[in-house]
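Chains, contacts and geometry: an overview
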Amino acid sequence: GAGVSQSPSNKVTEKGKDVELRCDPISGHTALYWYRQSLGQGLEFLIYFQGNSAPDKSGLPSDRFSAERTGGSVSTLTIQRTQQEDSAVYLCASSITSGGSKQYFGPGTRLTVT
Amino acid sequence: SQQGEEDPQALSIQEGENATMNCSYKTSINNLQWYRQNSGRGLVHLILIRSNEREKHSGRLRVTLDTSKKSSSLLITASRAADTASYFCATGSPRGSARQLTFGSGTQLTVLP
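Let me sum up the structure you'll find in this document. Note that the structure is a prediction, hence the values are computed from the model and not measured.

At the interface, 25 residues of chain A touch 22 residues of chain B. Buried surface at the junction of chain A and chain B, both sides included, amounts to about 1,700 Å², of which 50% is carbon and sulfur. Together, Leu43, Gly100 and Phe105 of chain A form the three largest contributors to the area buried by chain A at its contact with chain B, with a combined 26%. The tally of links from chain A across to chain B stands at 0 salt bridges. Taken together, the connections running from chain A to chain B amount to 3 residue pairs in polar contact (both at pLDDT 80 or more). Split into classes, the residues belonging to the side of chain A that touches chain B amount to 8 nonpolar, 14 polar and 3 charged.

This brings us to the packing of aromatic side chains. Taken as a whole, this structure holds 8 aromatic pairs over all chains when the rule is applied. Ring geometry for tyrosine 35 of chain A versus phenylalanine 103 of chain B: centroids 5.3 Å apart, planes at 80 degrees, classification edge-to-face. With tyrosine 35 of chain A in strand S4 (residues 31-37) and phenylalanine 103 of chain B in strand S10 (residues 101-103), this pair bridges two chains. Owing to a relative accessible area of 1%, tyrosine 35 of chain A belongs among the buried residues under this scheme. Ring plane angle 55 degrees and centroid distance 5.2 Å describe the contact between tyrosine 35 of chain B and phenylalanine 103 of chain B, whose orientation is recorded as tilted. On the criterion of sequence distance, the pair formed by tyrosine 35 of chain B in strand S4 (residues 31-37) and phenylalanine 103 of chain B in strand S10 is long-range, its members being 68 residues apart. Under the relative-accessibility criterion, tyrosine 35 of chain B is labelled buried at 0%. Residue classification places phenylalanine 103 of chain B among the buried positions, given a relative accessible area of 3%. Here a set of aromatic residues connected by ring pairs shows up, and it is made of Tyr33, Tyr35, Phe45, Tyr48 and Phe105 of chain A together with Tyr35 and Phe103 of chain B.

Regular strands show a simple pattern: their side chains alternate between the two faces of the sheet. Residues and elements named next belong to chain B. By the criterion of burial, S4 is predominantly enclosed, with 7 of the 7 residues buried. Bridging between S4 and strand S5 (residues 43-50) involves 7 bridges; their strand directions are antiparallel. Of the residues in S5, the one forming a bridge with leucine 32 is isoleucine 49. In the sheet, S4 pairs with strand S9 (residues 85-92) via 7 bridges, with the strands oriented antiparallel. By the bridge assignment for S9, tryptophan 34 is matched with cysteine 89.

All right, on to the pairing of strand S6 (residues 65-69) of chain A then. Residue and element names in this part refer to chain A. Side chains of S6 alternate between two faces, with Phe65, Ala67 and Arg69 buried and Ser66 and Glu68 left unburied. Here 5 bridges tie S6 to strand S7 (residues 75-79), and the two strands are oriented antiparallel to one another. Within S7, the position partnered with alanine 67 by the bridge is leucine 77.

Below, the discussion takes up the state of the cysteines. Formally, a disulfide is one covalent bond, and it connects the sulfur atom of one cysteine to the sulfur atom of another. What the rule picks out here adds up to 2 disulfides over all chains. Here cysteine 23 of chain A engages in a disulfide with cysteine 92 of chain A; their sulfurs sit 1.9 Å apart. Between cysteine 23 of chain A and cysteine 92 of chain A the disulfide shows an S-S torsion of about -65 degrees. By sign, it is left-handed. Taken together, the positions of cysteine 23 of chain A in strand S3 (residues 19-24) and cysteine 92 of chain A in strand S8 (residues 88-95) put the pair 69 residues apart, joining distant regions of the chain. Across the pair, exposure class does not vary: cysteine 23 of chain A and cysteine 92 of chain A are buried alike. Across a sulfur-sulfur distance of 2.0 Å, cysteine 23 of chain B and cysteine 89 of chain B are joined as a disulfide pair. Here the S-S torsion is close to 65 degrees, and the disulfide linking cysteine 23 of chain B with cysteine 89 of chain B is therefore right-handed. Of the two residues, cysteine 23 of chain B sits in strand S3 (residues 19-24) while cysteine 89 of chain B sits in strand S9, which places them 66 residues apart along the sequence. Grouping residues by exposure puts cysteine 23 of chain B and cysteine 89 of chain B together as buried.

The rules behind the values
Residues numbered from 1 in each chain as written. Chains lettered and ligands numbered in written order. Predicted model: local features only at pLDDT ≥ 70, side-chain atom pairs only at ≥ 80, totals over all residues. Heavy atoms only, no water. Contact = heavy atoms within 4.5 Å. Buried area = accessible area lost by both parts, 1.4 Å probe. Salt bridge = Lys/Arg side-chain N within 4 Å of Asp/Glu carboxyl O. Polar contact = N/O pair within 3.5 Å; in protein donor to acceptor, adjacent residues only side chain to side chain. Nonpolar A, V, L, I, M, F, W, Y, C, P; charged D, E, K, R; others polar. Phe/Tyr/Trp six-rings, centres within 6.5 Å; stacked < 30°, edge-to-face > 60°. Helix = DSSP H or I, 4+ residues; strand = E, 2+ residues; numbered from the N terminus. Buried < 20%, exposed > 50% of the residue type's maximum accessible area, 1.4 Å probe, protein only. Pairing = 2+ DSSP bridges. Disulfide = S-S within 2.5 Å.

As structure tokens, this is what we get:
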């Protein structure tokens, strides 16, 4: 079946604009994760959705970042008033359950803020 | 400090040689996983080892886990140029933790033809 998909694959935006990044997880996966990865760095956890539970937002770096997951499937990560330091690859992953399950990653969205 | 730190940060070897990467962590875990990433894009899961296991094999990959030392190693035998990538360890926390997979900063492996 289809894997995790993300769109757009690349996004260039001007400083101060809002952006929306989309993630389509694998069908049936209850857990969905967003990560951020700066050039040459490791993964920075942003937010985690598990079923109908309240999301774990503990990794969001500022209140300019928000995410939602509609119907337990598609998720959108929104960055308001983008800053240059927001430039990074944003990765989405899903897993069949939580509990440290194997995660399936999408190809990422490369965001460049000019 | 970060859970799941890989060592070395970068490793360069000749094709055919073995590559060993290490991962240390700080808190109790449910499992430890290794992932591979090409060209700064999505990660691909390689292998998962549970906290009650000591060694696991998958093809040319061998993973060990020492929970007393809170460390793991990933061995890639008979390396190929196509193994060039970044390798990350990720720790799964015990049940009850909301966020249950924490990634390290990665080892960049370069295999020279």
